[in-house]
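Notes for the structure review
The residues making up each chain are set out below.
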Amino acid sequence: MTARNRLTDRPLEPESEFIVKIQDINDNEPRFLDGPYQAAVPEMSKIGTSVIQLTATDADDPTYGNSARVVYSILEGQPYFSVDAKTGVVRVSLADMDRETRENYTVVIQAKDMGGQLGGLAGTTTINITLSDVNDNPPMFDQRLYQMSVPETAPVGSVVGRIWAKDRDIGVNAEMTYSIVDGDGRDTFDITTDPTNLFGIIIVKKPLNFEKKPSYTLKVEGANTHVDPVFFKRGPFKDVTIVHVSVEDVDEPPVFDLPAYYIEMPEDAEIGTVVKTVSARDPDAANNTVRYSIERSCDPEKYFYIDITSGSLMTVRSLDREEISWHNITILAMEMNNPTQIGSVSVALKVLDVNDNPPSLTHYLEAYVCENAKAGQRIQTITAVDPDEPPGGQHFYYRLAPEAVNNPNFTLRDNQDNTAWILTRRGGWSQQEQTIFYLPIIISDGEQPVQTSTSTLTIRVCSCDHEGNVMSCNAEAYSLPASLSRGALIAILACIFVLLVMILLMLSLRTHRKKPYLCDEEENVHENIVRYDDEGGGEEDTEAFDIAAMWNPREVHHHLGKMRQDMLPEIESLSRYVPQACVVGGGGDSNVHGYVLAKLLEADMDPCAPPYDSLQTYAYEGEGSVAESLSSLQSGTSNNDHEYDYLNDWGPRFKKLAEMYGVLETNSPPMW
């Protein structure tokens, strides 16, 4: 600080320094900056066990007086906990606190400045203290005896039931391990622990059988996995219980005496030979009767049959090892009283080989000899094949047929190694003299019974070069000319095919032209009623009726000729009921009547007309009929039932209609 002249602003004296010291007073209370607090201490802790240390801060000057001197005290939480007044350490003040009795505690701590004197400021905080678990409680089963049941068909590994040794502790301190320590079911059942390590799961260890043993007793022990040595005196930390398991009876399928059958049979066994007699029984106490059958899908060719009562499996077809060497058959056994219970077993049948097939030449049924071949030259090595498989291996023997033994051209040498050579006996071969030779060869095997076959080897005479390579075997006759390629042959065949298609189309069009076309208007459509009094000409009879004439009634051609003598057309009788005045008069009526009479005359004069009548009905009402109008036009407008009794008044010609639709007058008494 300095003093200055007000007018000149010059300092009047040197600068001076002043120090101002502010006196602190107790105006801030202690504060717990991190509260409220969470803490945990193991249950059963000893007195004095530290739980947590608290620190309160005071904004007052700690160097001046007691304004910042803090003293701690407990306001809530006694007698379980206490706090050190100077350090703020919270400790256990009650021994053997049990978590299972009470787990959570709330403690209120106060911090007061001025050394706790009267007039000091105070602040409080809360501590939530939890007792952590220790393994201080042994497990105990809630039942001394467990009753369980399981069906006898339960597979191995099936769950029978579960048990639980309860422990008041939690977490790892409650984890259990279970074991079967005694009982007659120790070998039949087993026990494991579930994923939570709390429950014991009893499972099936071996197959069950109600008929052999209906119940089991198990003595099971449950023990804590983690044991604290400090609390051994509270033990033992394990418990035992008894489990009684009842096996339930189930209607089981029949069981065969063997799990599978293996059979060998020679392929020459006669039909009806018994292959094997299988046996199955009902394992239940009822011991029901068993019936046998063969599963259809395993024997589609039906080689075998099984007796339904005895279980004897026999052949019904000849076996052939070369066709099927193994037969896998599934035999079913069914209870008579319960067809749903079916047992099965597999039968593997191996067909043993029998020497029943003759050997034959393989691959080579043709050979060639060069024109320049000399006597004694080998032209072919032959081998044979036999579908049979003898145990000692194949042994083939070759020789020429008796009729070829003394032929002057070729001979055969058996090499005794299942092969043979074809050798020439002479030279001087020529295609001009003979181009093909046939050499019959007899082949036999070495097994009993000996099988023999004859194969014919075709030998061609060919032109060869000096190294023996074939140049020509007179094959020109078997090949196409050199000038005609395969493409040209295909083109010729294609042309022939096109010509055939065109011819068929022309014939089809010509056939369609012969048929009349009905191309007039709708009003020219007629209804035809054709009545056959005797057998006609069938579908080929096209002379019955010429509908084309109806389109133009004026073009009526009269075919004069010999009158038919076989049958008088019935249509002629209709003219008696047509008024003749209509023929003379003009108008539409006369035209129709005249047309009908013209067609009638044409039918009478035509000797080729079929022996039946054609009645053409037009939508035109005629005149002079005793039956008046017979038209069905407009009949659909009325829903009233028609009365047909008037048909009796129309005469004998309508007698049949009167019988069908009306009431026929008769004097005979009723039949009912």
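Residues numbered from 1 in each chain as written. Predicted model: local features only at pLDDT ≥ 70, side-chain atom pairs only at ≥ 80, totals over all residues. Heavy atoms only, no water.

Description of the overall build of the chain
Convention followed: Only DSSP runs of H or I with at least four residues qualify as helices, and only runs of E with at least two residues qualify as strands; both kinds are numbered from the N terminus onward. Relative accessibility under 20% of the residue-type maximum defines a buried residue, over 50% an exposed one, and the middle range a partly exposed one, all with a 1.4 Å probe and only protein chains included. Any pair of residues with heavy atoms lying within 4.5 Å of one another is described as a contacting pair. Note on areas: these come from Shrake-Rupley sampling with a 1.4 Å probe, and a residue is covered only by the protein chains present in the view.
Counting its secondary structure elements, the chain contains five helices and 35 strands. Residues classed as buried in the chain amount to 32% of the 672 residues present. Sequence-distant contacts in the chain: of pairs separated by 6 or more residues, those separated by 24 or more amount to 66%. Counting every atom, the chain has about 43,600 Å² of accessible surface; 54% of that belongs to carbon and sulfur.

Quick word on the sheet that holds strand 6 (residues 104–112)
Spelled out, the test is: Strands qualify as paired when DSSP identifies two bridges or more between them. To get an axis, fit a line to the C-alpha atoms, keeping to the stretch in contact for a helix; angles then go from 0 to 180 degrees between the N-to-C directions.
Read across the sheet, four strands follow the order 1-7-6-3 without closing on themselves; strand pairing throughout is mixed. What marks the edges here is a single partner per strand, and that holds for strand 1 (37–42) and strand 3 (71–76). Pairs of neighbouring strands in the sheet enclose a mean axial angle of 35°, with direction left out of account. As paired strands, strand 1 and strand 7 (residues 122–132) are joined by six bridges and run parallel to one another.

What about a nonpolar patch on the surface?
Using the following cut-off: Each patch is built from residues that are more than 30% exposed by relative accessible area and take part in no salt bridge. Like charges join if they lie within 9 Å; nonpolar side chains (Val, Leu, Ile, Met, Phe, Trp, Tyr) join within 5 Å. Any Lys or Arg side-chain nitrogen found within 4 Å of a carboxyl oxygen on Asp or Glu counts as a salt bridge.
On the surface, Leu 489, Ile 492, Leu 493, Ile 496, Leu 500, Ile 503, Leu 504 and Leu 507 cluster together to form a nonpolar patch covering roughly 740 Å² of accessible area. The topology assignment puts Ile 492 in helix 1 (residues 486–513).

Remarks on the packing of aromatic side chains
Defined as follows: Paired rings are identified among Phe, Tyr and Trp, the last through its six-membered ring, by centres lying within 6.5 Å, and are further divided according to the angle between planes into stacked (under 30 degrees), edge-to-face (over 60) and tilted (the rest).
With the rule as written, the count across this model stands at 13 aromatic pairs. Summarising the aromatic geometry, the rings of Phe 32 and Tyr 72 are spaced 6.2 Å apart at their centres and angled 50° between planes, so their arrangement reads as tilted. One end of the pair, Phe 32, is in the segment before strand 1; the other, Tyr 72, is in strand 3, and 40 residues separate them in sequence. Given the relative accessible area of 11%, Phe 32 is considered buried. Note on Tyr 72: relative accessible area 7%, which makes it buried. Considering the side-chain rings of Tyr 262 and Trp 326, the 6.0 Å spacing of their centres and the 40° angle between planes classify their relative orientation as tilted.

A word on the pattern of salt bridges
Opposite charge on two side chains makes pairing possible when the charged atoms of those side chains draw close. Across all of its chains, the model carries 12 salt bridges by this definition. Where Arg 99 meets Asp 133, a salt bridge forms, and the shortest distance between an N and an O atom there is 2.9 Å. Of this pair, Arg 99 sits in the loop between strand 5 (89–92) and strand 6 while Asp 133 sits in the loop between strand 7 and strand 8 (140–141), placing them 34 residues apart in sequence. Each member of the pair, Arg 99 as well as Asp 133, carries the same accessibility label: buried. For Lys 213, the salt bridge goes to Asp 184, with nearest N and O atoms at 3.3 Å. Remark: Asp 184 occurs in the loop between strand 11 (176–182) and strand 12 (189–193) and Lys 213 occurs in the loop between strand 13 (199–204) and strand 14 (215–224); sequence separation between them is 29 residues. We classify Lys 213 as partly exposed; its relative accessible area is 28%.

A closer look at the pairing of strand 13
Every regular strand shows the same layout, with side chains that alternate between the two sheet faces. With respect to burial, strand 13 is a largely interior element, six of its six residues being buried. The side-chain alternation of strand 13 yields two buried faces, one formed by Phe 199, Ile 201 and Ile 203 and the other by Gly 200, Ile 202 and Val 204. Sheet topology note: the strand 10 (residues 159–166)/strand 13 ladder contains five bridges and is antiparallel. The residue of strand 13 that forms the bridge with Val 159 is Ile 203. Sheet topology note: the strand 12/strand 13 ladder contains five bridges and is antiparallel.

Remarks on the UniProt feature "transmembrane region" (unreviewed entry) in the chain
For clarity, the cut-off: UniProt positions are given in the numbering used here, feature names are shortened, and annotations may be inferred rather than shown by experiment.
The positions UniProt marks with the feature "transmembrane region" (unreviewed entry) are residues 488–507. End C-alpha atoms of residues 488–507 are separated by 29 Å, and the span's content is 100% helix alongside 0% strand.

Notes on the sheet that holds strand 21 (residues 304–306)
With antiparallel pairing, the three strands of this open sheet are ordered in space as 18-22-21. Either end of the sheet is taken by a strand with one partner, and the two such strands are strand 18 (274–277) and strand 21. Across the sheet, the mean angle separating the axes of adjacent strands is 20° when strand polarity is ignored. For strand 21 and strand 22 (residues 312–315), the ladder comprises three bridges, and the chain directions are antiparallel. If you follow Ile 306 over to strand 22, its bridge partner there is Leu 313.

Comments concerning unusual backbone geometry
Between Gly 35 and the following residue, Pro 36, the backbone shows a cis peptide bond with an omega angle of -5°. With respect to the helices and strands, Pro 36 occurs in the segment before strand 1. Backbone torsion omega between Gln 78 and Pro 79 reads 5°, so that peptide bond is classified as cis. With respect to the helices and strands, Pro 79 occurs in the loop between strand 3 and strand 4 (81–83). Here Asp 96, not a glycine, exhibits a phi torsion of approximately 60°, which is positive. Along the chain, Asp 96 falls in the loop between strand 5 and strand 6. The class of Asp 96 is exposed, set by a relative accessible area of 52%. Unlike most non-glycine residues, Asn 197 shows phi in positive territory, near 60°. As for its placement among the helices and strands, Asn 197 is situated in the loop between strand 12 and strand 13.

Focus: the state of the cysteines
Note the threshold: Sulfur atoms of two cysteines make up a disulfide when they are within 2.5 Å.
A full pass over the atoms with the stated rule returns two disulfides. Note that Cys 462 is cross-linked by a disulfide to Cys 473, the S-S spacing being 1.6 Å. Here the disulfide of Cys 462 and Cys 473 is right-handed, its torsion about the S-S bond being about 105°. Linking Cys 462 in strand 32 (residues 452–464) with Cys 473 in the loop between strand 33 (470–472) and helix 1, this pair joins segments that are 11 residues apart in sequence. Each bonded cysteine in the chain gets a number by its place in the sequence, and the pairs come out as 1-3, 2-4.

Describing the confidence of the model for the chain
For the record, the criterion: Summary of the metric used: pLDDT quantifies the predictor's per-residue confidence within the range 0 to 100.
Scored by pLDDT, the chain has a mean of 81; 78% of the residues are at 70 or more. Below a pLDDT of 50 lies the segment residues 517–528, which in the model reaches 16 contacts outside its immediate sequence neighbourhood of four places, other chains included. Confidence over residues 664–672 falls short of pLDDT 50; this stretch has four contacts with residues more than four positions distant or in other chains.

Examining the side chain of Gln 431
As a reminder of what qualifies: Polar contacts, as used here, are pairs of N or O atoms within 3.5 Å; protein pairs need one atom able to donate a hydrogen and one able to accept it. Residues neighboring in sequence count only if both atoms are side-chain atoms.
Residue position: Gln 431 is located in the loop between strand 30 (419–424) and strand 31 (436–445). Only 3.3 Å separates the side chain of Gln 431 from the side chain of Ser 463, close enough to count as a polar contact.

Overview of the side chain of Asn 137
The topology assignment puts Asn 137 in the loop between strand 7 and strand 8. In this structure Asn 137 comes out as buried when scored by relative accessible area, which is 11%. A polar contact is formed between the side chain of Asn 137 and the side chain of Glu 100, at a distance of 3.3 Å. Of note is the side chain of Asn 137, whose polar atom sits 2.8 Å from the side chain of Asp 136. Apart from residues no more than four positions distant in its own chain, Asn 137 is found in contact with Glu 100, Asp 167, Arg 168, Asp 169, Asn 224 and Phe 237.

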